[in-house]
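# Structural overview
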Amino acid sequence: MSPDRPVFVTHSAGVRKAALPPPDPEALALSRELSASIAAEIKAQGGAISFRRYMDLALYAPGLGYYVAGQQRFGPGGDFVTAPEMGGLFGATLARAIAPLLGPDGLLEFGAGSGALAAQLLAALPPTPYTILEISPDLAERQRQRLAALGVRWLSALPECWCGVVLANEVLDAIAPHLVELDEEGVLWELGVALGPEGFVWRRLPAGDALQQRLAPYLPHWPRPYRSEVNLAAEAWLRDVAGRLEKGAIILIDYGHRAAEYYHPQRTMGTLRAYYRQHWLEDPFYLPGLCDLTAHLDFDALQSVAVAAGLQVRSYDPLARFLIANGLAEAFSAASANADLLTRMQLANEAKRLTLPQEMGESFKVLILSKESPCRSPSTASKTATP
């Protein structure tokens, strides 16, 4: 997730404690309970778990993880601000790109967060079925409070087939990747998590064949040591969604790079970050359950998976270019036509943050994948969706 003008905080424990706002007692109690649960699993697994498993637990452990424990996450009062939380320009412009791609099943949004983007798209699109797949019970309930009157339906699992648009905005970055490290001797390891005297610590684990093969082209060019990520789970997610898409499009919006940039020799510490109260941290072990954990996406890998799964790459653009090509100027004009001075200034600021290279304009990418085969049968979403 993208923070709202983040403040960078280093690994230094002294700086970290001095710079970050303290959690309230209830949140701190949740973090301690989650930490104890993760520690118990580490002990049960013989002293270490993969970082991928740690991140899964930190974000999604039932009742305790970051996205399921009921704390405020989105917006200026939370830990980060997503594009639709800044205003309506993003949703209004995205709707222009979605409208020509809609099929009989309408739009399926993964991980709708606060529901802000769904509300904006429903306001801008022609009448269309809108379904949300949300794995967090807490977020799904918040979305219902905001959107139920608009006819939105909810799923807890993928439909068997889909004819329409599948949208994932800032979702895949929260799917836990494998962390890898090339050591001083040129040995590739997967990074795991163990218990130290004062909390969680890194532990090197053997890297499996899939990681070795994926990174083989880059290993000779990396300095030592070197750390990065491989998100096999995000690729598996895309493969699964592609297999269920009968006709339509998959739209992925997130921050990431092409492979050559992702695994560039100068990117020695990878892209893993934690976000807490509008601060950007290097330390993923700080207050488990109270920090969002995220890593950039390798968009070359995603495109390769998509093509192998029978999809076509319709377009791949930085966010700024995508928004401008799909009518950001027109959306701005429509929103500001009868607005007062303050509102026009807010709209101008939103447009800048969406398009400037140092903001979201270059770091966020938009990948649109499509399948043109005819729909063979009606979607089964109606059998599993709930109002």
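My aim in this report is to walk through the structure given alongside it, one point at a time. This one's a predicted model, so the numbers in the text were calculated from it and none came from an experiment. (Residues numbered from 1 in each chain as written. Predicted model: local features only at pLDDT ≥ 70, side-chain atom pairs only at ≥ 80, totals over all residues. Heavy atoms only, no water.)

## Thoughts on the pairing of strand 10 (residues 226-230)
Summarising burial for strand 10: 5 of the 5 residues are buried, a large majority. Here strand 10 shows two buried faces, one formed by Tyr226, Ser228 and Val230 and the other by Arg227 and Glu229. Taken together, the 5 bridges between strand 7 (residues 178-182) and strand 10 define a ladder with antiparallel strand orientation. Within strand 10, the position partnered with Glu181 by the bridge is Arg227. (Buried < 20%, exposed > 50% of the residue type's maximum accessible area, 1.4 Å probe, protein only. Helix = DSSP H or I, 4+ residues; strand = E, 2+ residues; numbered from the N terminus. Pairing = 2+ DSSP bridges.)

## Thoughts on empty space enclosed by the protein
For the coordinates displayed, the defined rule picks out 2 cavities of 30 Å³ or more. Roughly 90 Å³ of internal volume is contained in the largest cavity. Along the wall of the largest cavity there are 13 residues; nearest its centre are Asn231, Glu235, Leu297, Asp298 and Ala301. Among the secondary structure elements, those contributing two or more residues to the lining of the largest cavity are strand 10, helix 8 (232-244), strand 15 (297-298) and helix 10 (299-308). Across the lining of the largest cavity, the residue classes break down as 7 nonpolar, 2 polar and 4 charged. In this model, the second largest cavity occupies a volume close to 40 Å³. Lining the second largest cavity are Leu108, Leu158, Pro159, Trp162, Val166, Val241, Arg244 and Leu245. (1 Å grid on protein atoms, 1.4 Å probe; cavity = no way out; pocket = protein on both sides within 12 Å on 5 of 7 lines; lining within 4 Å. Points joined across faces, edges and corners; volume = space filled by probe spheres on them. Nonpolar A, V, L, I, M, F, W, Y, C, P; charged D, E, K, R; others polar.)

## Here's the deal with the pattern of salt bridges
Per the stated rule, a full pass over the model turns up 12 salt bridges. Measuring nitrogen to oxygen at the nearest pair gives 2.7 Å for the salt bridge that ties Arg214 to Glu235. In this pair, Arg214 is assigned in helix 7 (residues 209-215) and Glu235 in helix 8, connecting sequence segments 21 residues apart. The class for Arg214 is partly exposed, based on a relative accessible area of 26%. In this structure, the salt-bridge partner of Arg244 is Asp240, at a minimum N-O distance of 2.9 Å. Here Arg244 pairs with Asp240, and both are found in helix 8, just 4 residues apart, close to one helical turn. Residue classification places Asp240 among the partly exposed positions, given a relative accessible area of 33%. Several salt bridges share partner residues, and in doing so they unite Glu181, Glu184, Arg204 and Arg227 into one network. (Salt bridge = Lys/Arg side-chain N within 4 Å of Asp/Glu carboxyl O.)

## Focus: helix 13 (residues 341-355)
Here helix 13 is 15 residues long and its end C-alpha atoms lie 21 Å apart, about the 21 Å a rise of 1.5 Å per residue gives. Leu347, Glu350, Ala351, Arg353, Leu354 and Thr355 are the residues of helix 13 that are buried. On the buried face of helix 13, the contacting elements are helix 4 (89-98), helix 11 (319-325), helix 12 (328-336) and helix 14 (357-361). (Expected span 1.5 Å × (residues − 1). Contact = heavy atoms within 4.5 Å.)

## Topic: the environment of Ser50
Relative to the helices and strands, Ser50 resides in strand 2 (residues 49-50). Counting along the chain gives 155 residues from Ser50 to Leu205, while the straight-line C-alpha distance between them is 7.7 Å. Ignoring sequence-local partners within four residues, the contact set of Ser50 consists of Glu190, Leu191, Gly192, Val193 and Leu205.

## What about the layout of surface pockets?
Quantified by volume, the largest pocket comes out at close to 660 Å³. For the largest pocket, the lining is made up of 35 residues, of which Tyr60, Gly111, Ile135, Val171 and Ile175 are closest to its centre. Contributing elements (two or more residues each) for the lining of the largest pocket: helix 3 (51-60), strand 3 (107-110), helix 5 (116-124) and helix 8. Of the residues belonging to the lining of the largest pocket, the class tally is 21 nonpolar, 8 polar and 6 charged.

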